[in-house]
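Examination of the molecular architecture
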Amino acid sequence: YQPLSTVHVVPAFEIIATVAEAAPGPDGTYSYQTPVAQLLPWIKQATAAGVYVVLDLQPGRASLLAQARAYQSLLELPDVGLGLDPEWKLLPGQKPLRQIGHVDISEVNDVIGWIAALTARHHLPQKLLVIHQFQLAMIVGEQHLDTSNDDLAIVIHMDGQGTPAAKETTWNAVTSVAPPGVSFGWKDFLVMDHPTFTPRQTMEQSPLP
């Protein structure tokens, strides 16, 4: 990707830190929270190799902010960002894989305010916040996304899968309604996309991923 980009390309490793589960678990959230001690060795090796780490949250019925706070010690590291996955956000009575979840923008903004303050308080480099989206209904009130914090680089990540035509349709829908002040990410599924975009095809998208 570097020859196709005007900015420096940094490899990243996304870890699904909280994993949506079929069973409610002891806390009733339908989301398993990986212990910090299990994640730390992966983070240390990745960041030592120059790889940025994104801790991804599949919240189930839990609060996104509560789950993010559980990883504060890891997010205080300079090369660790956060990912929010609304697909796995459940309402009371819902269970994973039976519907596409959604999150209200107020809950996203709560996370933004907290992690921006954390970044500023510890004098950390600008931190990456990834918001996954492949349906417009996944983020309710998206036009009110708080993009005012210079301590965060917010990426709305189009992680839809399918044919090139389907992916481009989703990309155009996602990018057209997003508020100003965000960047966009495009995911290539090496198995599920038929055919998979090449790096050049990926970087020919507009706006530039």
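Just above, that's the structure.
**Focus: the pairing of strand 4 (residues 80-84)**
- Extensive coverage of strand 4 is indicated by the burial of 5 of its 5 residues.
- Alternating residues of strand 4 divide into V80, L82 and L84 and G81 and G83, and every residue in both groups is buried.
- Here strand 3 (residues 52-57) runs beside strand 4; their pairing, made up of 5 bridges, is parallel. Residue pairing in the sheet places D56 in a bridge with G83 of strand 4.
- Relative to strand 6 (residues 127-133), strand 4 runs parallel, the two sharing 3 bridges. Each bridged residue has a counterpart across the sheet, and for L84 the counterpart in strand 6 is I131.

**Some thoughts on helix 4 (residues 105-121)**
- The terminal C-alpha atoms of helix 4 lie 24 Å apart, and with 17 residues this matches the ideal 24 Å at 1.5 Å per residue to within 8%.
- Taken as a whole, helix 4 has its buried residues at I105, E107, V108, N109, V111, I112, W114, I115, A116, L118 and T119.
- Two residues or fewer past helix 4, H123 is found with a positive phi of approximately 55°.

**Notes on the environment of W186**
- Note on placement: W186 falls in strand 9 (residues 183-186).
- Take W186: its relative accessible area is 9%, and that puts it in the buried class.
- Residues W186 and D150, spaced 36 residues apart in sequence, show a C-alpha to C-alpha distance of 23 Å.
- For W186, the contacting residues outside a window of four places in its chain are H157, M158, K167, E168, W171, F197, T202, Q205 and P209.
- At 2.7 Å, the side chain of W186 and the side chain of D188 are in polar contact.

**Here's the deal with the pairing of strand 3**
- The element strand 3 is largely enclosed, with a buried count of 6 among its 6 residues.
- Every second residue of strand 3 is oriented toward a common face, with Y52, V54 and D56 on one face and V53, L55 and L57 on the other, all of them buried.
- Pairing of strand 1 (residues 12-20) with strand 3, which is carried by 6 bridges, proceeds in the parallel orientation. Looking at strand 3, one finds that A12 is bridged to Y52.

**Examining the sheet that holds strand 6**
- Strand order in the open sheet made by the 7 strands is 2-1-3-4-6-8-9, with mixed pairing throughout. Looking at which strands have only one partner, the edges of the open sheet turn out to be strand 2 (31-33) and strand 9. Sheet twist, expressed as the average angle between the axes of neighbouring strands with direction ignored, equals 30°.
- Seen against the sheet, helix 1 (residues 36-48) touches strand 1, strand 2, strand 3 and strand 4 and runs at an angle of roughly 170° to strand 1.

**Let's talk about helix 5 (residues 164-177)**
- Taking 1.5 Å per residue, 14 residues should reach 20 Å; helix 5 reaches 20 Å between its end C-alpha atoms and fits that length.
- When we look at burial in helix 5, the residues that qualify are K167, T170, W171, V174 and T175. Down the axis, helix 5 shows its buried residues gathered within 120° of arc, on one side only. Along helix 5, exposed side chains directed more than 90 degrees from the buried face belong to T169 and S176.
- Looking at the buried positions of helix 5, the neighbouring elements they touch are strand 6, strand 8 (152-158) and strand 9.

**Points about the environment of F13**
- Mapped onto the elements, F13 comes out in strand 1.
- Using a relative accessible area of 32% as the deciding quantity, one classes F13 as partly exposed.
- Taking the C-alpha atoms as reference points, F13 and V80, 67 residues apart in sequence, are found 9.6 Å from one another.
- For F13, the residues in contact, after removing those within four places along its chain, are W42, A46, V51, Y52, V53 and V54.

**As for unusual backbone geometry**
- The omega angle of the peptide bond from H194 to P195 is -10°, so this bond is cis rather than trans.
- Mapped onto the secondary structure, P195 falls in the loop between strand 9 and helix 6 (199-203).
- Here the amide bond leading from S206 into P207 is cis, since omega sits at 0°, within 30 degrees of zero.
- In this structure, P207 sits in the segment after helix 6.
- Backbone geometry at Y30 places phi at a positive 60°, although glycine is not the residue there.
- If you trace the backbone, Y30 turns up in the loop between strand 1 and strand 2.

Criteria and thresholds
Residues numbered from 1 in each chain as written. Predicted model: local features only at pLDDT ≥ 70, side-chain atom pairs only at ≥ 80, totals over all residues. Heavy atoms only, no water. Buried < 20%, exposed > 50% of the residue type's maximum accessible area, 1.4 Å probe, protein only. Helix = DSSP H or I, 4+ residues; strand = E, 2+ residues; numbered from the N terminus. Pairing = 2+ DSSP bridges. Expected span 1.5 Å × (residues − 1). Contact = heavy atoms within 4.5 Å. Polar contact = N/O pair within 3.5 Å; in protein donor to acceptor, adjacent residues only side chain to side chain. Axes fitted to C-alpha atoms, helices over the stretch in contact; angles between N-to-C directions. Arc of directions from axis to C-beta.

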